[in-house]
Every structure is written in C-alpha cells, then in structure tokens.
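Close look at the chain arrangement
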Amino acid sequence: MTKFIFVTGGVVSGIGKGISAASIGRLLKERGLSVFMQKFDPYLNVDPGTMSPYQHGEVFVTKDGAETDLDLGHYERFIDEELTKRASITTGKVYSRVIAKERRGDYNGATVQVIPHVTNEIKNAVYKAAKESGADIVITEIGGTVGDIESLPFLEAIRQIHSENEKSDVLFVHTVLVPNIPGSDELKTKPTQHSFKELMSNGIKTDVIIVRSNGVVTRDLREKISLFCDVPVEAVIQSTNVDLIYEVPLVFHEQGLDDYILKELELNNQPESNYSWKKMVERFKDIKGEITIGLVGKYVSLHDAYLSVTQALQDAGCENGVDVKIKWINSEEIEEDESILEGLNGIIVPGGFGSRGTEGMIKASKYARENNVPYFGICYGMQIALIDIARNKLGLKGANSTEIDPETSYPVIDLLENQKTVENLGGTLRLGDYDCTIDKDSYVYSLYGEEKIKERHRHRYEFNNSFRGEIRKAGVVFSGINEDKDLVEIIELKDHPHFVACQFHPEFKSRPTKIHPLFNGFIKAAIKNK
Ligand code: GLN
C-alpha cells in the first residue's frame, strides 16, 4: 500500500520547494522506505522540451525519454532512483490526454469538464505512479504557488485523493517564505497565515509547514505559526540557508521531520536513519584543494541551464577531495579573445542547440587538444570536437554540422534519414536510454570498467559515419558505439592526457553518492593537470 505526500508552495516561488521535497524523499529512504517522486507543472506546454533555457533552465531527461523539469534532477540525485515519465506531468499533458479521450468518444457523451475529467486525469497520474513504481511513498510536488489560477485543478485533485484515502495515507507539506523587513529586522508570519488560508479555501489543511527565511525562526515564531495555521509546533520546520543544498535533509532531520512524518503516516516501526547521506556531506565539508574548470556555452549567464552538469562536476570534485570552481565562459567571447581559456585545469563543452557561439566552442576544443588540457565534451561538445578535428587536423575546410551550416561540403555531423522528415519539434529528439558498447582497449573502458552501458540521450544530430575512416586517421578512437544503429556514442583522442566526448548526457546519471565514471575521470585528469 503506497502512501502519498503532497508538497505545495506558498507566498513566493523560488524558495527551494523542489529541494525540500527531494530532502523529504532522502530522509524517508534513509529510514528504509522506497520512494517515487513526481512533479506537477501547471503550465500549458506538454513538456519543457520546447522551452528556451532562459525560460526554464535545464531540461532533465528520464531513462524512458521524458523531457522534464530540472527538479527531477534534484529528486534523482537525492533519492538515488531512476524516475520515469510518470514523474513529470504538466497541464498541457493532462489536457491533451483528456482531449484525445474526448475525440475518441471515451466519455460516452458526457460534457467534459475540469471536475471530474481533468481532476481524474491528475489523480490517475498519482495512482499510476504508485502502482507502477510499487513505492512505499509517492511524493508529489505541485509547481507554482498556491493562489495561482493555473494550479487549481491540481489542488482539487490532491484534495480528492486525501478524502478518498485513509487519513494516515496522505500528508500535506506546505513551504513558505517568512520575510524579514529591512531596517526593523523583524520576521513576518502574515504571508504564511494568508497562504495557509488560501490553501484551506481549496479544502486542504496542511500537516507540515516548512519555513524559509533569512532570519532565525525562533521557538516563539514557530509557536505563532503553529497557532495561526493549526499545526503542532514540531511540524513547523525551518529550512535554514545552507552552503550546500545536500545539507537540507540533515537540517530537516535535526528538527525531527522524518520522525514526525512517519508518526503521521503511521509508519512507526521504521529503522533509525542509516546516515549514509551525512557521510557524503561531511566529505564535502572536508575538501582541501581546488581546481578550475572552464564551462563553455552560450547560456552561461543562466547557470540553471547547466544544473546537472555543474552538480556532477562538484560531486565528482568532492569524491576526489577538491572544490570545483566553475569559470563560466560565454563561447561568443572566445571568438574574439582566446586568452580567456588560459590557466584552466579542464575544459567542458556541454549540450546546446543552434549555431550561435559554436565557432568559439570549436576554438575551445582546438585549444584543449593542442595544449593538452583535459577536455570533456557532452552531446554538442562531442559534435563540436569532431568538427574541430575535421577542420584543424584533417584540413577539411568549412567542415560543420548541418544544424549549423546546412550547405557545408563536409557534414561531419548530420541528421539520420528518419530525422529528416520530422515535422514537430516537441518530443522528436533521440531521447532517453540507449545501449552503448565500449571498446575494451580504450581509455574510456579504464574509467567505466564495463563493456555494456546504457546512457541517456537528448539530441537530433549524429556523427556522420562516412567520415569514420578519415577521423580515425586523425588519432580519434571511437571508444563507444551503439551497435543496434551503428552510431558513435563516445570518442577519445590517442596522445592526449584526457580528451573524451560523448553523444549522451552522463550528467543525468551522476549522483553525489555514485559519481558517473566520465565525470570522475575528467576531474581526476584536471587534478593531475593542476
Ligand atoms: N544540437 C545538437 C543536436 O541536436 C546537440 C544537442 C545537445 O547537445 N543536447 O544533435
């Protein structure tokens, strides 16, 4: 029997609701429970796949190929589970399902309405996640803030789930901001009281309140919130500002949140926490050295666009005892002045789309190659490296990806036939897990230590196999291949301390408790380089 926790947000967005939800997931895992997590986003896009990184930050991809919100990356890193498409639901997805059913005639002539048809579809998404995952607990985060018009159907659906289940099977958590007034230094609980009321007007009485504040939420203040919002004082938890997001589960645990949740859900016989997470956090606190990695991309003004990449770099740094300083390098600036690449311990070119800034990325690859700086190319970063090698080692002038220059005479990166006829942008990339076989004689094999791997993808273009012979002559080893479709998945350079690039996104599979081999290898090489 699965139990349900719903996490809503009040007052303002951006106060770490996703991290709070993920932290609860972590705590419950440490108490021996299996956990599945999902996020409901109230916007009308079917998924965030078509949204600009400026709108949305990173698009996280699940193993079964769903393009999802970046909070899912937090969930996977915190609970160390591979989630599925059931973990990401948007208003757009719900409505397209309802409308498809209406067109098929599935509603037997009924007038199709928000309640019950849309709310039933939302409830199904929760119940299906429970059934398919078989988890003890499903944690569902509702995106946006209580009071938004868009999130009303989601709130109504979770209210119904509460009323159709046992009281001890459903728990509501509400995250709020307690602002402090500049000058008077006073913390104000009024917005929390209003948000509580707003939630009550939707028929939801929260069981736990998580308070984010710049000040110290004293016992007095917690008692006040307890009184006005009708929750016991031990259910008012402060989410203190921490240097490392991974500390949040520990902050909650210190305040007894896991015990409180288990008591409310009548799961009293769970073992004590195993503290595996705490050990990882302590390693982070104990870091001595430091390295600098240049991250070259076109969205570098928006760090969220590379969230899983930077998190994986930092986690791999921690594993190796160094703090990873990221130097954010706008690839367009390299086009003018290459000297910004000097002094780096490693260069990473992560995923990207479109032509802007690509000449600078190609220069970054050339620089790393010629100066023996460890290079790590991810997705676009592999395509970029191959363009650099074709142009600058083989002399194929104007070599390019047809994404950047459709007329190039040397299309080293190109569309596959089945991608040429694609009409819709949404959901038509190569997405999710694909097999890869690693060459046992390669450098990359020494990192993975295994021959058969699965990695997550999100791209449309591929290395053009007709160039394989020539590119091999330039010293490239095709160290990972998808044998089903004969596609190049990983490349490396002979005669270079670390020049590795992959067509997939290893950042989606790296965890603070289980570093991805390619990130581990890259950071080790960067430390050596320093
Ligand atoms: N733009 C490239 C493609 O579509 C790479 C995509 C990526 O880096 N995620 O193939």
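Just so it is clear, the model here is predicted, and its values are computed rather than measured.

A closer look at the UniProt feature "domain: Glutamine amidotransferase" (unreviewed entry) in the protein chain
Following the UniProt record, the feature "domain: Glutamine amidotransferase" (unreviewed entry) maps to residues 302-524 here. In residues 302-524, helix accounts for 31% and strand for 28%; the two terminal C-alpha atoms are 27 Å from one another.

Observations regarding the UniProt feature "domain: CTP synthase N-terminal" (unreviewed entry) in the protein chain
Those places that UniProt annotates as "domain: CTP synthase N-terminal" (unreviewed entry) correspond, in this numbering, to residues 3-267. When the span residues 3-267 is considered, its composition is 42% helix and 18% strand, and the gap between its end C-alpha atoms is 10 Å.

Considering helix α3 (residues 71-79)
Along an α-helix, residues three or four positions apart point the same way, because every turn accommodates 3.6 residues. For α3, a buried count of nine out of nine residues is recorded, marking the element as mostly surrounded by other parts of the structure. Phi turns positive, to about 55°, at D80, one or two residues after α3.

Things to note about unusual backbone geometry
Omega for the peptide link from I115 to P116 comes to 15°, which places this bond in the cis form. The backbone phi angle of D80 is positive, close to 55°, even though this residue is not glycine. Take D80: it is sitting in the loop between α3 and β5 (88-90). A positive phi angle, near 55°, is found at D230, a position not held by glycine. Within the element layout of this structure, D230 appears in the loop between α8 (219-229) and β11 (236-239).

Describing the site of the ligand
All residues adjacent to the ligand are G351, G352, F353, C379, Y380, Q383, E403, R458, H459, R460, Y461 and H505. One nitrogen or oxygen atom from the main chain of R460 is found 3.0 Å from an oxygen atom belonging to the ligand. Computed on the free molecule, the ligand has an accessible area of 290 Å², of which 99% lies beneath the protein chains in the complex. Broken down by secondary-structure element, the contributors of at least two residues to the shell around the ligand are α15 (380-392) and β19 (452-459). In terms of residue class, the shell around the ligand is built from four nonpolar, five polar and three charged.

Digging into the pairing of strand β14 (residues 346-349)
Along β14, one buried face is formed by G346 and I348 and the opposite face, lined by I347 and V349, is buried too. Two strands pair when backbone bridges link them, and β14 and strand β15 (residues 375-378) are joined in this way by three bridges, in the parallel orientation. Residue I348 lies in a different strand from β15, and its bridge partner there is F376. Taken together, β14, helix α14 (residues 358-370) and β15 constitute a β-α-β crossover, and its handedness is right-handed.

Details of the pattern of salt bridges
What the rule picks out here adds up to 40 salt bridges. We note a salt bridge from R159 to E156, for which the minimum N-O separation is 3.0 Å. Taken together, the residues R159 and E156, both in helix α6 (residues 152-164) and three residues apart, mark about one turn of the helix. Take R159: its relative accessible area is 27%, and that puts it in the partly exposed class. What makes E156 buried here is its relative accessible area of 17%.

What about the environment of P512?
Counting through the fold element by element, P512 comes out in the loop between β23 (499-502) and α19 (517-529). The buried category is assigned to P512, whose relative accessible area is 3%. Taking the C-alpha atoms as reference, P512 lies 25 Å from T175; in sequence the two are 337 residues apart.

Quick word on the nonpolar core
In terms of nonpolar packing, the biggest core is built from 84 residues, with I5, I24, L28, I139, V208 and F252 touching the most fellow members. Contacts of I5, omitting those with residues within four sequence positions, involve I24, L28, I137, V138, I139, T140, L171, V173, I261 and L265. V296, Y367, L386 and F478 belong to the second-largest nonpolar core, a separate cluster that totals 41 residues.

Side note on the packing of aromatic side chains
Scanning the model with the defined rule gives 16 aromatic pairs in all. Seen from their ring centres, F78 and Y246 are 5.5 Å apart, and the 65° between their planes marks the pair as edge-to-face. With F78 in helix α3 and Y246 in the loop between β11 and α9 (248-254), the pair connects residues that are 168 residues apart, well separated along the chain. Of the two residues, F78 and Y246, both sit in the buried class. In this arrangement the basic side chain of R430 is found over the ring face of Y434, its NZ or CZ atom lying 4.6 Å from the centre.

Criteria and cut-off values
What you see as residue numbers is a count from 1 along each chain, following the sequence as written. Given that the model is predicted, a residue must reach a pLDDT of at least 70 before its local features are reported, and side-chain atom pairs must reach 80 or more before they are shown or counted; all residues, however, enter totals for whole chains, interfaces and linings. Values shown for side chains rest on all heavy atoms present in the structure; no hydrogens or waters enter the calculation. UniProt positions are given in the numbering used here, feature names are shortened, and annotations may be inferred rather than shown by experiment. A run of DSSP states H or I qualifies as a helix once it reaches four residues; a run of E qualifies as a strand once it reaches two. Both are numbered from the N-terminal end. Each residue's exposure class comes from its accessible area (1.4 Å probe, protein chains only) as a fraction of the maximum for that residue type: buried when under 20%, exposed when over 50%, partly exposed otherwise. Consider each residue's heavy atoms; a residue with any of them within 4 Å of a molecule or strand counts as near. By the criterion applied in these results, polar contacts are pairs of N or O atoms within 3.5 Å in which, for protein atoms, one can donate a hydrogen and the other can accept it, and in which residues neighboring in sequence qualify only through two side-chain atoms. To be clear on the numbers: accessible area is Shrake-Rupley with a 1.4 Å probe, and residue cover counts the displayed protein chains and nothing else. Each residue is assigned to one class: nonpolar for Ala, Val, Leu, Ile, Met, Phe, Trp, Tyr, Cys and Pro, charged for Asp, Glu, Lys and Arg, and polar for all the others, Gly among them. Strand pairing follows a simple DSSP-based rule, namely that at least 2 bridges must link the two strands. Note on handedness: a clockwise path from strand one over the helix to strand two, with the strands aimed away from the viewer, defines a right-handed crossover. Definition used for salt bridges: Asp or Glu carboxyl oxygen within 4 Å of a side-chain nitrogen of Lys or Arg. Side-chain atoms within 4.5 Å link the members of a nonpolar core, which is a set of buried Ala, Val, Leu, Ile, Met, Phe, Trp, Tyr and Cys residues. Residues count as neighbours in contact if any of their non-hydrogen atoms are within 4.5 Å of one another. Pairing of aromatic rings covers Phe, Tyr and the six-membered ring of Trp, with a centre-to-centre limit of 6.5 Å; geometry is then stacked below 30 degrees between planes, edge-to-face above 60, and tilted otherwise. Lysine and arginine charges are scored as sitting over a ring when NZ or CZ, respectively, is within 6 Å of the ring centre and within 35 degrees of the ring normal.

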